[in-house]
Amino acid sequence: MRESKSIWMNGELVKWSEAKIHVLTHAFHYATAVFEGIRCFSTEEGPAVFRLPEHINRFFDSMTIYMMEAPYSYDEICKAVKETVAANELKECYIRPIAYYSYGEMGLNPLPNKVRLAIAAWEWPTYLGDTAERQGLKCIVSSWRRIHTSSLPPQAKATANYANSALAKIEALKGGYDEAIMLNMESMVSEGTAENIFRIKDGILSTPPATSGVLRGITRDTIITAAQDLGIEFRRNEISREELYTSDELFLTGTAAGVSPIREVDGRKIGKSPGEWPISSRLRDTYVNMVHGRISKYRSWLDYL
Ligand code: PMP
């Protein structure tokens, strides 16, 4: 990873190399941490954080689910996010706030441990790989099912959820694929390992509803808004595995991944003319213009440093 200078930890900026936790930190053993993934983009008016309130609200929701008492207020966290980017003199970056049950008591009960908070920011231009993102992703439907809401709530962006994602990701990469698509326990499509999924068929855009076990992605919401504004018909509906294969276009969305077209699923080429994704490209271009502040209508989604 591209190291930056400093990391915000529990109220102060510390040197990147000194941002450490104790090996017996509760969250390290029992995955009792929640986090966010945010991006800052360059714009004509300088660096701007995209949809910061939505991310911090989701961060608070995740903390609520895990009964974490937030050690800082909403305003303090928003300010700390901007401070971290500014202190590292980053024009474009990925931002990772994390709240975790810290060191104190071992054993499963996290509650006796203080909640600590850190915010890191670093340059991370492409998440799924430059070539894969440009040429379209080669995906596999994972043999690992997405966590069910009855065992781990997918709406909390908790580190625990990502052990499930990591198993799917390893399987995909070892098999020569770029990314895994996970089905839920009902065998319907849920999401990628860190992305939501969209399908286009006969000009209609669709994505699985939250009840399919997906994280309510902020990029997902952004794309739904863009589609509605562009007059693209949109439906939130369940998607089956075979509907993936028969899609005209498919793409993944996420703060890290952006809007990334899929060129193949389980060896089936996607679309009538593979390599052409007209609606996905329109939405992707709109997204890129939005985040860089080039569309005045969406500038209220930008928090300038
Ligand atoms: N699903 C999962 C499991 C994720 O980790 C992410 C990334 N946060 C997403 C979807 C996309 O969410 P967002 O667009 O808010 O980054």
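Owing to the predicted nature of the structure, the values given are computational and were not obtained by experimental measurement.

What surrounds the ligand is a group of 16 residues, the closest being Tyr162, Glu191, Ile218, Thr219 and Thr255. With respect to the ligand, the side chain of arginine 58 contributes an N or O atom lying 2.8 Å from an oxygen atom. The side chain of threonine 255 places a nitrogen or oxygen atom 2.6 Å from an oxygen atom of the ligand. Isolated, the ligand exposes 390 Å² of accessible area, and the fraction of that covered by the protein chains is 96%. Residue assignment for the shell around the ligand shows that the elements contributing at least two residues are helix H6 (218-230) and strand S14 (249-254). Of the residues contributing to the shell around the ligand, the split by class is 4 nonpolar, 7 polar and 5 charged.

Counting residues in each nonpolar core, the largest one holds 25 residues, and the members touching the most others are Ile95 and Ala99. At the level of elements, strand S4 (38-41), helix H2 (52-65), helix H3 (74-87), strand S6 (93-101) and strand S7 (115-122) are the ones that each hand at least two residues to this core. In terms of residues, this core owes the most to one element, H3, which gives 5 residues. If sequence neighbours within four positions are ignored, alanine 99 has contacts with Thr32, Ala33, Val34, Phe59, Met63, Met68, Val115, Arg116 and Leu117.

With that settled, consider empty space enclosed by the protein. Under the definition given, this model contains 2 cavities of 30 Å³ or more. When its volume is computed, the largest cavity comes out at roughly 50 Å³. Taken together, Ile38, Arg39, Phe41, Phe50, His55, Ile218, Thr219, Thr255 and Tyr287 make up the full set of residues lining the largest cavity. Elements represented by at least two residues in the lining of the largest cavity include exactly S4 and H6. The leading source of residues in the lining of the largest cavity is S4, at 3 residues. Here the lining of the largest cavity is built from residues that sort into 5 nonpolar, 3 polar and 1 charged. Approximately 30 Å³ is the volume found for the second largest cavity. In terms of residue class, the lining of the second largest cavity is made up of 4 nonpolar, 1 polar and 2 charged.

Calculation rules
Residues numbered from 1 in each chain as written. Predicted model: local features only at pLDDT ≥ 70, side-chain atom pairs only at ≥ 80, totals over all residues. Heavy atoms only, no water. Near = heavy atom within 4 Å. Polar contact = N/O pair within 3.5 Å; in protein donor to acceptor, adjacent residues only side chain to side chain. Areas by Shrake-Rupley, 256 points an atom, 1.4 Å probe, with all protein chains shown as cover. Helix = DSSP H or I, 4+ residues; strand = E, 2+ residues; numbered from the N terminus. Nonpolar A, V, L, I, M, F, W, Y, C, P; charged D, E, K, R; others polar. Core = buried A, V, L, I, M, F, W, Y, C linked by side-chain atoms within 4.5 Å. Buried < 20%, exposed > 50% of the residue type's maximum accessible area, 1.4 Å probe, protein only. Contact = heavy atoms within 4.5 Å. 1 Å grid on protein atoms, 1.4 Å probe; cavity = no way out; pocket = protein on both sides within 12 Å on 5 of 7 lines; lining within 4 Å. Points joined across faces, edges and corners; volume = space filled by probe spheres on them.

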